[in-house]
Amino acid sequence: MLSALDNERLARIGPGTEMGALMRRYWIPFLLTEDVPDADGDPVRVTLLGERLVAFRNSVGQVGLVDRLCAHRNADLFFGRNEENGLRCTYHGWKYDIDGKCTDMPSEASDSSFRDKIQLRAYPVRERGGVLWTYMGPKEHMQPMPEFEWTRVPDDHRYVSWNFQENNYAQAIEGGIDTVHSVYLHSAMDSHRRLNDWQNEGKDSGDVTKMYRTRENPPKLKALETDFGLIIGGRYPGDETQDYWRFNLFWMPFYTAPPGGGEGKMMHAFVPVDDVTTARWCFTWSTNGKPLSRRHVADLRKGQGVHAQTIPGTHWPVRNMRNDYLIDREEQRHLTFTGIKGTGEQDFSVQEGMGKVSDRTREHLGVTDIGIIAMRRMLLHSAAAIREGAEPTSARSPDAYRVRPGQTMIPTDADWTTHENLQEAIAATY
Amino acid sequence: MLSALDNERLARIGPGTEMGALMRRYWIPFLLTEDVPDADGDPVRVTLLGERLVAFRNSVGQVGLVDRLCAHRNADLFFGRNEENGLRCTYHGWKYDIDGKCTDMPSEASDSSFRDKIQLRAYPVRERGGVLWTYMGPKEHMQPMPEFEWTRVPDDHRYVSWNFQENNYAQAIEGGIDTVHSVYLHSAMDSHRRLNDWQNEGKDSGDVTKMYRTRENPPKLKALETDFGLIIGGRYPGDETQDYWRFNLFWMPFYTAPPGGGEGKMMHAFVPVDDVTTARWCFTWSTNGKPLSRRHVADLRKGQGVHAQTIPGTHWPVRNMRNDYLIDREEQRHLTFTGIKGTGEQDFSVQEGMGKVSDRTREHLGVTDIGIIAMRRMLLHSAAAIREGAEPTSARSPDAYRVRPGQTMIPTDADWTTHENLQEAIAATY
Amino acid sequence: MLSALDNERLARIGPGTEMGALMRRYWIPFLLTEDVPDADGDPVRVTLLGERLVAFRNSVGQVGLVDRLCAHRNADLFFGRNEENGLRCTYHGWKYDIDGKCTDMPSEASDSSFRDKIQLRAYPVRERGGVLWTYMGPKEHMQPMPEFEWTRVPDDHRYVSWNFQENNYAQAIEGGIDTVHSVYLHSAMDSHRRLNDWQNEGKDSGDVTKMYRTRENPPKLKALETDFGLIIGGRYPGDETQDYWRFNLFWMPFYTAPPGGGEGKMMHAFVPVDDVTTARWCFTWSTNGKPLSRRHVADLRKGQGVHAQTIPGTHWPVRNMRNDYLIDREEQRHLTFTGIKGTGEQDFSVQEGMGKVSDRTREHLGVTDIGIIAMRRMLLHSAAAIREGAEPTSARSPDAYRVRPGQTMIPTDADWTTHENLQEAIAATY
């Protein structure tokens, strides 16, 4: 649990908040490249960390991310004209380049210098991994971009999607860190029965790792602080001399990856749109050196796996809180734990169900919440540190982000935190 | 009128409020038995006195009413699995019985005692009269259930329905107590004309009591405090030696019955869902010792009489504030006083029209409001008394609830409050 | 820009506010005559200056504008019966005449004098120019109605419509005063190109005034205070000895007219419904002494020109903020500046886009905003003056309102503010 005050400090990310200052030290994914596909194409509304912005791609293909409202008299630039290297306000024709500089002001006399004094709030934009990123913090603290493996693989080795979810970012991160819920929330009924039934364990699976995982529930969890964030290790009984470990990751300030994954890996970003809305990103990438198959990508596009099915032309989920995620109670009784289709939607049902901002003063945390507790502490401490003048290490360690979730065996008598098997298990190839 | 402060004290019923404490001394109807029909069936959302709860029927047919959110990390138990004698959270599999006790916690080690410390807020549930009741107050003040006649008749002598209405409970009770409005709000135009037209009085009706009622308008109203609440007597001129009296009733804390009814009787409960939403219950029962006819019940199910027509699968009225109750102005001009179909919907149009909480500082009360004034005083005094340590008598007088509305003749020179005809007129048969 | 405090003072118009007091010194158009067409017809909901009211036409054709809620117990009089010279509450039959006097109270004894004490809030109503007007201020400050030309022409020389728009009134007035935006927001692409292209100027137009207007952009603006409000003069280069001037007008407290118009003129009222909603009125009238043609009126009814297309049976625009005004980006790229159909809807896109109340602390005003600055100052000063005991001159100068927008040539070396050509250009014929 958290105090009511810490719960607020964790949740609020708007301008002027403590956590908002922390978030503004990191590069933030905010749109897919394909969301702003064309030079001089349609402007796109973006809300990020509680700020209302608009994105547009200029004539030479660069993307701008600027204040939604014109500096003149607050007209909405979403309705603006995306013209020769600038977004022009429809009200009086003021025009801005991607840096927010006013480049034309036809409503003033042609010899006026008023134009030179007008600077729209604008944030730098980079394209990487099929994603548009921005940095919203103080210029002097801007750092190189994080070197996630999925941003470094060839384009056809990756599939990325994102969708809105209607709750504060922090309870979404908690879901991403919390590995134990998978055997409940995301399970089919037979696997659930198996969990409660030692005798059947492992019999119907060719996956030897599954054998270790299901033998004992829950795993022993440990959280290790690193330069990028946290390694959350789950220890399962192995054989006489060694344990089976699974590692899921939390990269500051809002990325998570579960330990699973065979041919491919998957990770999330839970980007705060505003205090009560989150952009949930899903990054799937291949780790076998081969492109994702067309069939696989086609399935992901339809909303397979963690990728949510969204209403065409939007990033809003088809199955959402307003339709009870189209829960099928008959299916819940007989086939799946929730009766809700889709891993993401299953997560939404518990995360949105907590309310817009979960009231953490009422919680009762157990042994499976060790990673969550460590994450909250890291965010709250890092945010408080900025107020004291200390910048976060992780924001300045882009290369440390080159890790991926993994699993391995480690000798029972060894220190897992320093064992070479850990480093090997989470090392990125790209 | 009330002061702004008393208006707030009357209206607010959430945890920690004065009126909320009073309400929490009484058994409260919260769902129909048929709303939670099956053992291990679908959980049902319930909001009551501002508290978000979930109801479920366990494997042996008992109904639980517990906190909506899991004690672990606030996942919504509405999406839970209703399994062998418990509701299991879909997030990490914590399971609760109908008493809110955590009976399984698979996410913790099997030898952990953490489970024993977890107790979900839970309220006792009883089934009576086709209705599920709960008690939300301090255990030491829990009393036997009220002995309403409609709960005591055989099942096929009764029909019960309920619907939401979008205003504070108190202005709904006021409508239930206020008998005079019937000759306006609920009348057809010809009866209305008759009221204003002495000469036509009684000529077109075989109902002799109607003769007395329509001869003079309005009746003289008196309110009598009793162990169960209030008897509101309406006195009409009778013959030379006696008066015609009609009695409508207010049972604490939110039940009312109009004086009417021939072969059957009808009463209401106006249960506070939250400060601005009310569950309006309608109880129709036969007083002639016979079952209600199938035809009659079929009509009531369709929304006849006081039973509102609701959107199938919900308890929300078809004719509601968002569609102006489908008012037909042509019908209002020529046929009925309101042009709105349905007694209940006619009531909604005036009660919801007052706003979520009626501003009683602006009122101008007249002689017809004597019952309403007495009811407000009783609720406010009883609520204040609890604060002073005095428990309400009515909550401890379940047998006193065995009364029903009625009418009778009483000698003009007698004291109506002690006359045997009053007792006889309102005595329940069952 | 304004301070945050002045922005609030400008925007808030409810009872008890400073600007609300100013607005309550003027006659206010609130419905079309045709919105309340029939004697004893349907009551109509009206919200004005934040007050919830209901309008009805009595048996002899007079219109009443009274409090929405009954004085008895707050029942909504919109559902009332409009009967023989009074609106009767459906709850207990209390009846009110157009002056708010209670004329029947059948729920009280017939010899009761309670009725005489009941007075519903009521405002005087006048019909003029096809429009219903009211005055909501202190009786002692009520003045004759303003003598707008459009109210004085024969009925078939005029067409009037109104629609809701979802923002504070002040930013709507600003749009009405701001003439410069027309060459951007309301222009087709070819005219826009022309603005940036001196060589093409005037070539494709037979309109000689357009030649002056487009030769230089922007015009030199001046604001002149008058007894009715403001004349905003725009000076354009003419020939060697004289300038071309265009005058648009601001009549206190919320009327504007653009300088354009050939055979007919057009003006607006932006009436505050509440703090965040505005009734935008459009008055089109003929100045050539002839009726508007049937064809012209038919087009205006469909939403041509400034008259917005509304959802049938309502005053809500078809193209609105919830559907992005049905913007057509392809059309925006190639044909029109906005891709939005309708002059009014183009205005809504910038005015509603500013937010419910524009944050004027962020503005950067230029030379084209001189009229807007003068208007804000006049409203704020006049409102402050009332607090000091000084009543506004304009409210007491109904004849000064007999002006219309216009254009003229004025010698370069003359004082435009006193030149007879100005007076002639804006003089009304009727």
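Predicted model only: the values in this text are computed from it and were never measured.

Draft legend 1. Representation of the sheet that holds strand S9 (residues 122-123) of chain A. Residue and element names in this part refer to chain A. Judged by pairing direction, the sheet is antiparallel, and its four strands sit side by side in the order S2-S3-S4-S9 without closing on themselves. Sheet topology places strand S2 (44-48) and S9 at the edges, where each strand pairs with a single neighbour. Bridge count between S2 and strand S3 (residues 51-57): five bridges; the pairing is antiparallel. Bridge pairing links Thr 47 to Arg 52 in S3.

Draft legend 2. Expanded view of the packing of aromatic side chains. Scanning the model with the defined rule gives 63 aromatic pairs over all chains in all. Plain terms: the ring middles of Trp162(B) and Phe164(B) are 4.9 Å apart, the flat faces sit at 75 degrees to each other, and that makes the pair edge-to-face. With respect to burial, Trp162(B) and Phe164(B) carry one shared label: buried. Here Phe164(C) and Trp316(C) contribute two aromatic rings whose centre-to-centre distance is 4.3 Å and whose plane-to-plane angle is 25 degrees, an arrangement assigned as stacked. Residue Phe164(C) is found in strand S12 (residues 158-165), and its partner Trp316(C) is found in the loop between helix H8 (294-301) and helix H9 (329-334); the two are separated by 152 residues along the sequence. Judged by its relative accessible area of 18%, Phe164(C) is buried.

Draft legend 3. Structural context of the pairing of strand S15 (residues 242-251) of chain A. All names here are of chain A. Among the 10 residues of S15, nine are classified as buried, and the element is accordingly described as predominantly covered. Alignment of strand S14 (residues 229-236) against S15, held across eight bridges, turns out to be antiparallel. Looking at the pairing, Tyr 236 lines up with Tyr 244 of S15. Across six bridges, S15 lies against strand S19 (residues 406-411) in antiparallel orientation. Bridging from a neighbouring strand, Trp 245 pairs with Thr 408 of S19. Where S15 folds back on strand S16 (residues 255-257), the antiparallel hairpin that results is connected by three residues.

Draft legend 4. Up close: the relation of the copies chain A and chain C. For the match of chain A to chain C, the screw axis carries a shift of 0.1 Å, the RMSD comes to 0.1 Å, and the turn is 120 degrees. Such values leave the two copies arranged in the relation of a three-fold axis. Rotation axis and chain A: the residue whose C-alpha lies nearest the axis is Arg322(A), separated from it by 11 Å.

Draft legend 5. Representation of the interface of chain A and chain B within the structure. Facing the 39 residues of chain A at the interface are 33 residues of chain B. Interface area, chain A with chain B, both sides summed: about 2800 Å², of which 47% is carbon and sulfur. Among the residues chain A hides against chain B, the three largest losses belong to Arg329(A), Arg362(A) and His364(A). Together they make up 23% of the total. Inspection of the region where chain A meets chain B yields six salt bridges. Among the salt bridges present, the one from Arg362(A) reaches Asp67(B), with a minimum N-O distance of 3.4 Å. Residue assignment for the side of chain A that touches chain B shows that the elements contributing at least two residues are helix H4 (169-177), helix H5 (182-185), helix H6 (189-195), helix H9 (329-334), helix H10 (343-351) and helix H11 (370-387) of chain A. Taken together, the residues of the side of chain A that touches chain B sort by class into 14 nonpolar, 14 polar and 11 charged.

Draft legend 6. Main features of the pairing of strand S4 (residues 63-67) of chain B. All names here are of chain B. When you tally the buried positions in S4, you get five out of five residues, the bulk of the element. Bridge analysis of strand S3 (residues 51-57) against S4 gives five bridges, and the strand direction is antiparallel. Within S4, the position partnered with Leu 53 by the bridge is Asp 67. Between S3 and the antiparallel strand that follows it, S4, lie five residues; Gly 61 among them carries a positive phi value of about 90 degrees. The pairing of S4 with strand S9 (residues 122-123) spans two bridges and is antiparallel. Looking across to S9, one finds that Val 66 is bridged to Ala 122.

Draft legend 7. Inspection of the interface of chain A and chain C at higher detail. Each partner contributes residues to the interface: chain A has 33 residues there, and chain C has 39 residues. Approximately 2800 Å² of surface area, both sides summed, lies buried where chain A meets chain C, with 47% of it carried by carbon and sulfur atoms. At the boundary of chain A and chain C, one finds six salt bridges. With a shortest N-O distance of 3.2 Å, Asp369(C) and Arg73(A) are connected by a salt bridge. Across the contact surface, chain A and chain C share 23 residue pairs in polar contact (both at pLDDT 80 or more). Broken down by class, the residue content of the side of chain A that touches chain C amounts to 14 nonpolar, eight polar and 11 charged.

Draft legend 8. Representation of helix H1 (residues 4-11) of chain C in the model. Residues and elements named next belong to chain C. Every buried residue of H1 is listed here: Asn 7, Leu 10 and Ala 11. For H1, the buried positions fall inside an angular range of 90 degrees around the axis, keeping them on one side. Its buried side turned inward, H1 meets helix H2 (18-23), helix H4 (169-177) and helix H11 (370-387).

Draft legend 9. Focus on the pattern of salt bridges. Per the counting criterion, the structure on display carries 106 salt bridges over all chains. For Glu388(A), the salt bridge identified is with Arg387(A), shortest N-O distance 3.8 Å. Grouping residues by exposure puts Glu388(A) and Arg387(A) together as exposed. Of the charged contacts, one joins Asp243(B) and Arg235(B) as a salt bridge, the two residues approaching to 3.7 Å between their closest N and O atoms. By relative accessible area, Asp243(B) is classed as buried at 7%. The exposure class assigned to Arg235(B) is partly exposed, which follows from its relative accessible area of 27%. Counted as one network, the salt bridges with shared partners bring together Arg73(A), Glu174(C), Asp178(C), Arg360(C), Glu363(C), Asp369(C) and Arg376(C).

Draft legend 10. Quick peek at the packing of H1(C) against H11(C). All names here are of chain C. Axis separation between H1 and H11 bottoms out at 10 Å; the angle between their running directions is 80 degrees. One element, H1, and the other, H11, form an angle in the roughly perpendicular class. Residue-level inspection shows Asp 6, Arg 9 and Leu 10 of H1 in contact with H11, the latter providing Arg 376, Leu 379, Leu 380 and Ala 384. Of the residues assigned to the contact of H1 with H11, the class counts are four nonpolar, no polar and three charged.

The rules behind these values
Residues numbered from 1 in each chain as written. Chains lettered and ligands numbered in written order. Predicted model: local features only at pLDDT ≥ 70, side-chain atom pairs only at ≥ 80, totals over all residues. Heavy atoms only, no water. Pairing = 2+ DSSP bridges. Helix = DSSP H or I, 4+ residues; strand = E, 2+ residues; numbered from the N terminus. Phe/Tyr/Trp six-rings, centres within 6.5 Å; stacked < 30°, edge-to-face > 60°. Buried < 20%, exposed > 50% of the residue type's maximum accessible area, 1.4 Å probe, protein only. Least-squares fit on C-alpha atoms with pLDDT ≥ 70 in both. Contact = heavy atoms within 4.5 Å. Buried area = accessible area lost by both parts, 1.4 Å probe. Salt bridge = Lys/Arg side-chain N within 4 Å of Asp/Glu carboxyl O. Nonpolar A, V, L, I, M, F, W, Y, C, P; charged D, E, K, R; others polar. Polar contact = N/O pair within 3.5 Å; in protein donor to acceptor, adjacent residues only side chain to side chain. Arc of directions from axis to C-beta. Axes fitted to C-alpha atoms, helices over the stretch in contact; angles between N-to-C directions. Parallel < 35°, antiparallel > 145°, perpendicular 65-115°, else oblique.

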